[in-house]
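Architecture and fold: a report
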Amino acid sequence: MRKIGFYFLAWCLIILSACSKNSDNDPQTVPIDKTANLQGTGDSANDILSNDNFDKLLIEIDYVQGFRPTDEAMANFVDFFLKLYTFKEDIQFVYDELPSPNEEELTLDEIAELESKNRTLYNTGSTLAIYIYFADAPSEDDEEDEGLVTLGAVYRNTSMIVHEATVRQLAGKSPFITNADVETATLNHEFGHLFGLVDLGTAQVNQHEDTEAVNHCNVDGCLMRAELQFGGPSGKSQLTSSKNVSASGLKAGCSLSGNSVLQMLQKQTSKGAAAAVPLDAECILDLQANGGR
Ligand SMILES: [Zn+2]
Ligand SMILES: [Zn+2]
């Protein structure tokens, strides 16, 4: 009887190892669960800020050939933003070069389509995945005559676009501003929205949201200042338009305006710290109350 038991056990072990071998050889059996990365802007604020659920940040940078962001901007982004305001210590980047989609301008729906076609990294275990696309085309919403150009936008909890072509064009307007300066300001401001600022997934400790520009700060000199989004008083007309909602209902949390960023960076440069436009005390207080550093 004991012998039969032994053979039965041995047989089970053989079956088990055969099964596990099979699944190793066939990764298709486990489909990628993308739902955690398809939520609204700001929904993952606490997961990005704290280490409670995720202690690693994996950032996929998909850039159109010739439009890779500078190493300087990426280093600024990590050292003077991500590590300053979150508890994440393990932050890694994966770069993928892509061919141009050959579009003259991009709508939000086209941007989301490019993401679903090209994005390869999603949350797994304790790793939170972020997707940033560096485009060779401007936003469809740009009105260059009025000086309204979009540098970047966020449209989901872990998705961002940077209009790198527009970033470089803008940086070219001033001898004192580099591509890295504009890239850094764009990455940091848009990522501030993924942190849930202002009142976009991270609650306000004290009221400081701009009364006219939702999800932006009313404190002078803050990276999340409202006028950065719309380019000052002349840009406020955009507030009443429905341009920021796409045909399929995707909502851009923010469209960062070019001229106001240029002005802000010129002010910073005269102070000698172009790369580090800081968050103000109110925004930092909100982040700390939601698990941030
Ligand atoms: Zn914004
Ligand atoms: Zn602020």
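Residues numbered from 1 in each chain as written. Chains lettered and ligands numbered in written order. Predicted model: local features only at pLDDT ≥ 70, side-chain atom pairs only at ≥ 80, totals over all residues. Heavy atoms only, no water.

With that out of the way, let us pick up the pairing of strand S4 (residues 150-156). Of all seven residues that make up S4, seven are buried, and the element is covered over most of its length. One ladder, built from three bridges, connects S4 with strand S6 (residues 254-257); its direction is antiparallel. For Ala-153, the partnering residue across the bridge sits in S6 and is Ser-255. Bridge count for S4 against strand S5 (residues 159-162) is four bridges, and the pairing is antiparallel. (Buried < 20%, exposed > 50% of the residue type's maximum accessible area, 1.4 Å probe, protein only. Helix = DSSP H or I, 4+ residues; strand = E, 2+ residues; numbered from the N terminus. Pairing = 2+ DSSP bridges.)

In this structure, Cys-217 (SG), Cys-222 (SG), Asp-280 (OD) and Cys-283 (SG) serve as the protein donors to the zinc ion (ligand 2), at separations of 1.9 to 2.3 Å. What the four donor atoms of the zinc ion (ligand 2) show is an angle range of 93 to 117° at the metal, which sorts the shape as tetrahedral. Mapped onto the sequence, the residues coordinating the zinc ion (ligand 2) show the spacing C-x4-C-x57-D-x2-C. With Cys-222 in the loop between helix H6 (179-194) and helix H7 (226-230) and Asp-280 in the loop between helix H8 (258-271) and helix H9 (281-289), the pair connects residues that are 58 residues apart, well separated along the chain. (Donors = N, O, S within 2.8 Å, 3.2 Å for Na, K, Ca; no water. Tetrahedral: all angles 85-135°; square planar, octahedral: opposite > 155°, others 65-115°.)

So, on to the environment of Glu-103. Relative to the helices and strands, Glu-103 resides in the loop between strand S2 (90-98) and helix H4 (108-118). Using a relative accessible area of 36% as the deciding quantity, one classes Glu-103 as partly exposed. Placed 33 residues apart in sequence, Glu-103 and Asp-136 show a C-alpha to C-alpha distance of 8.5 Å. Once residues lying within four places of it in the same chain are set aside, the contact partners of Glu-103 are Glu-110 and Ala-137. (Contact = heavy atoms within 4.5 Å.)

With that settled, consider the pattern of salt bridges. Applying the stated criterion across every chain, the model contains six salt bridges. Across the pair Glu-89 and Arg-293 runs a salt bridge, and its minimum N-O distance is 3.1 Å. Taken as a pair, Glu-89 in the loop between helix H3 (71-85) and S2 and Arg-293 in the segment after H9 lie far apart in primary sequence, 204 residues in all. On the basis of relative accessible area, Glu-89 is assigned to the exposed category, the value being 53%. The partly exposed category is assigned to Arg-293, whose relative accessible area is 34%. Connected through salt bridges with shared partners, the residues Glu-115, Arg-119 and Arg-156 form a single ionic network. (Salt bridge = Lys/Arg side-chain N within 4 Å of Asp/Glu carboxyl O.)

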